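# Structure at a glance
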Amino acid sequence: MKLNLEQNADLNVVTGYGTDHLMINKERHDGNTLVTAGRIVADWAPGGFAGLSADDFAAVCELRPEVVLIGTGSRQRFPTPQVLRPLIEARIGFEIMDLPAACRTYNILVTEGRSVVAALLFDPA
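Reference entry: report on the structure contained in this document. (Residues numbered from 1 in each chain as written. Predicted model: local features only at pLDDT ≥ 70, side-chain atom pairs only at ≥ 80, totals over all residues. Heavy atoms only, no water.)

## Let's talk about the overall build of the protein chain
Our working rule: Only DSSP runs of H or I with at least four residues qualify as helices, and only runs of E with at least two residues qualify as strands; both kinds are numbered from the N terminus onward. Within these notes, the globule rule equals 2.2 Å times the number of residues to the 0.38 power, and the radius of gyration is based on C-alpha atoms. Using a 1.4 Å probe on the protein chains alone, a residue whose accessible area is under 20% of its type maximum counts as buried, one over 50% counts as exposed, and one in between counts as partly exposed. A contact between two residues is defined here by any heavy atoms of the two lying within 4.5 Å. The protein chains shown are the only cover counted for residues, whose accessible areas, like all others here, come from Shrake-Rupley with a 1.4 Å probe. Charge counting follows a simple rule: Lys and Arg are positive, Asp and Glu are negative, and His as well as the terminal groups are ignored. Every charge is mapped onto a representative atom, which is NZ of Lys, CZ of Arg, CG of Asp or CD of Glu.
Tallying secondary structure elements over the protein chain gives three helices and eight strands in all. Counting helices and strands in the order they occur from the N terminus, the protein chain gives β-β-β-β-β-α-β-α-β-α-β. Scaling as 2.2 N^0.38, a compact globule of 125 residues should have a C-alpha radius of gyration of about 14 Å, and the protein chain matches this with 14 Å. Principal-axis analysis of the C-alpha atoms places the extent of the protein chain at approximately 50 × 35 × 25 Å. Within the span of the protein chain, comprising 125 residues, buried residues form 43% of the whole. Excluding contacts between residues fewer than 6 apart, the proportion of contacts in the protein chain whose partners are at least 24 apart in sequence is 65%. Surface summary for the protein chain: the accessible area is close to 7,200 Å², and the carbon and sulfur share equals 50%. For the protein chain, the centre of its 11 positive side-chain charges and the centre of its 15 negative side-chain charges are spaced 4 Å apart.

Shown next, in the form of C-alpha cells:
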C-alpha cells in the first residue's frame, strides 16, 4: 500500500534548512524566524540564543499557539525559566530541541492541523 501525505497548499511548511537559513514553501528566509501555518515572522529574537528575553516569548504568545517548538540551533540548549515565563504564565506548552528536529516536528504538527509555532534560532556566524 502506498501512503501519500495530503498537503494543504496554504500551509507554511519547512522544505529545507541550512546553518543560516530556512526554506519555507521553497522560499529562503534568513535568520531567526517564527513560523505558523499562516504566518512567517522574520527577525525574531535578534540577539540569538544568548540574547533571548521574555519579550521574545511574549511576541510568541501573541500568536496564541497551543504549543511552541523552540529550535535552538545545531544543538539543544535550554533557555532560563525567566525567559520562558510568558509561555509558562499563558499556559502554552513548549518543547525545546535542536533546529532540525524542531523543523521536522513542526511539519508533522502543522499538517495535522495543530496550532503550533516554530521558534527557530540559528547559531551565531
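## Remarks on helix α3 (residues 99-111)
Counted only if it meets this: Multiplying 1.5 Å by the residue count of a helix minus one yields the expected span of that helix. Any pair of nitrogen or oxygen atoms within 3.5 Å is treated as a polar contact; in protein, a donor-acceptor pairing is required on top of that, and neighbouring residues in sequence qualify only through side-chain atoms on both sides.
End to end, α3 covers 18 Å across 13 residues, agreeing with the expected 18 Å (1.5 Å per residue, within 8%). Inspection of α3 places Leu99, Ala101, Ala102, Cys103, Tyr106, Asn107, Leu109 and Val110 among the buried residues, and these make up the whole buried set. Its buried side turned inward, α3 meets β1 (14-17), β2 (21-24), β4 (33-35), β6 (67-72), β7 (93-97) and β8 (116-121). The residue sitting at the N-terminus of α3 and contributing the capping side-chain oxygen is aspartate 98; that oxygen lies 2.9 Å from the backbone nitrogen of alanine 101. One or two steps after α3, the chain reaches glycine 113, where phi turns positive at roughly 85 degrees.

## Examining the pairing of strand β3 (residues 27-30)
Under the convention used in this document: Think of it this way: DSSP has to see at least two bridges between two strands before they count as a pair.
Bridge count between β2 and β3: four bridges; the pairing is antiparallel. Its bridge partner being in β3, leucine 22 is matched across the sheet by histidine 29. Here β2 hands over to β3 after two residues, with asparagine 25 in that stretch at a positive phi of 50 degrees.

## Digging into the side chain of histidine 21
Residue placement: histidine 21 occurs in strand β2. Under the relative-accessibility criterion, histidine 21 is labelled buried at 15%. There is a polar contact of 3.0 Å between the side chain of histidine 21 and the side chain of aspartate 20. Those residues within four positions of histidine 21 in sequence are excluded, and the remaining contacts are Arg28, His29, Asp30 and Phe122.

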